[in-house]
Amino acid sequence: MGPYRKSRLKRPVVVAVFVGLVAGCTHAIPLSATVEGPPTVTQIPLAVGVFYSREFREYVHSGSRGGDRWEFPLGSASVKLFDQVLSMMFERVVPVSSRPPLAAGGPALAAVIEPKVEEFDFTIPFLKTSTFTAEIAYRVTLYSPQGDPFASWVVRGAGAKP
């Protein structure tokens, strides 16, 4: 019973350690913010502010699929994306440090835009060498300089990457 018992005990321990290591894998997904084409609007001749909350700038989506943990640093990529798009849409975009009302003596802005991540989902293919897909929805709120929210809408995006 000596050698047989030892090898039989080692196998479950090795299997348990292996399963724990594999199941505990976390994949940090690098993201790049890209605009596939210019917006289909004419640039609006206004100066607007944009407010990125700390939660938005640092937003990381964590989810489990296929026994692995996946982390998407959406905040930093989203800030870059909104900076690109807003500068194409408006004559001037000014970062502001808080939601309105704006401080007296600051820049004259027509409105302040605040984006938030509302939804995010992703899929992984059965074979991890196939195409991965992701979808995101942003809630965008438009505030008057006095702090009144006067418009809110959802912007959706999707992407796929082999």
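Just so you know, these numbers come straight off a predicted model, no measurement behind them. (Residues numbered from 1 in each chain as written. Predicted model: local features only at pLDDT ≥ 70, side-chain atom pairs only at ≥ 80, totals over all residues. Heavy atoms only, no water.)

## Concerning the pattern of salt bridges
Our working definition: One speaks of a salt bridge when a side-chain nitrogen belonging to Lys or Arg is within 4 Å of a carboxyl oxygen belonging to Asp or Glu. The way it works is that DSSP assigns letters per residue, a run of H or I at least four long becomes a helix, a run of E at least two long becomes a strand, and they are numbered from the N terminus. Summary of the burial criterion: residues with accessible area below 20% of their type's maximum are buried, those above 50% are exposed, and those between are partly exposed, where the area comes from a 1.4 Å probe applied to protein chains only.
Evaluation of the coordinates by the stated rule reveals four salt bridges. Of the charged contacts, one joins Glu 114 and Arg 99 as a salt bridge, the two residues approaching to 2.8 Å between their closest N and O atoms. Linking Glu 114 in strand β6 (residues 111-123) with Arg 99 in the loop between β5 (90-95) and β6, this pair joins segments that are 15 residues apart in sequence. On the basis of relative accessible area, Glu 114 is assigned to the buried category, the value being 1%. Residue class for Arg 99 comes out partly exposed when judged on its relative accessible area of 37%. Between Glu 119 and Arg 156 there is a salt bridge; the shortest N-O distance is 3.5 Å. Taken together, the residues span a long stretch of sequence, with Glu 119 in strand β6 and Arg 156 in strand β8 (residues 149-161) at a distance of 37 residues. For Glu 119, a relative accessible area of 39% puts it in the partly exposed group.

## A look at the environment of Glu 55
In this structure, Glu 55 sits in helix α2 (residues 54-57). Put simply, Glu 55 and Lys 116 are 61 residues apart on the chain and 8.5 Å apart in space, counted from C-alpha to C-alpha.

## Details of the confidence of the model for the chain
Here is the rule we go by: Each residue gets a pLDDT score, which is the predictor's confidence in that residue and runs from 0 to 100. We call two residues contacting when some pair of their heavy atoms lies within 4.5 Å.
Confidence in the prediction for the chain averages 80 pLDDT; 75% of positions are at 70 or higher. Ranking the elements of the chain by mean pLDDT puts helix α1 (residues 2-23) last, at 40, and α2 first, at 97. Contacts for the low-pLDDT stretch residues 3-24, under 50 throughout, to residues beyond four places or in other chains number four contacts.

## Brief notes about the sheet that holds β8
Going by this rule: Strands qualify as paired when DSSP identifies two bridges or more between them. What counts as an axis is a line fitted to C-alpha atoms, over the stretch in contact for a helix, and the angles between N-to-C directions run from 0 to 180 degrees.
Read from one edge to the other, the open sheet built from five strands follows the order β5-β2-β6-β7-β8, with strand pairing classed as mixed. A strand with exactly one partner marks an edge of an open sheet, and here the two such strands are β5 and β8. Mean inter-strand twist for the sheet, computed between neighbouring axes without regard to direction, equals 30°. Packed onto the sheet, helix α3 (residues 74-89) meets β2 (44-50), β5, β6 and β7 (132-143) and runs at close to 145° relative to β5.

## Focus on the nonpolar core
The tendency in soluble globular proteins is for nonpolar side chains to be buried as a group. Basically, it comes down to this: Buried residues of nine kinds, namely Ala, Val, Leu, Ile, Met, Phe, Trp, Tyr and Cys, make up a nonpolar core once their side-chain atoms join them within 4.5 Å.
Formed by 21 residues in total, the largest nonpolar core has its most connected members in Tyr 52, Phe 56, Phe 82, Leu 86, Ile 113 and Tyr 138. With five residues, the single largest contributor to this core is β6. When near neighbours in sequence (up to four residues on either side) are disregarded, Leu 86 contacts Val 50, Tyr 52, Val 93 and Ile 113. Membership of the second largest hydrophobic core comes to seven residues, among which are Ala 47, Phe 51, Val 94 and Val 96.

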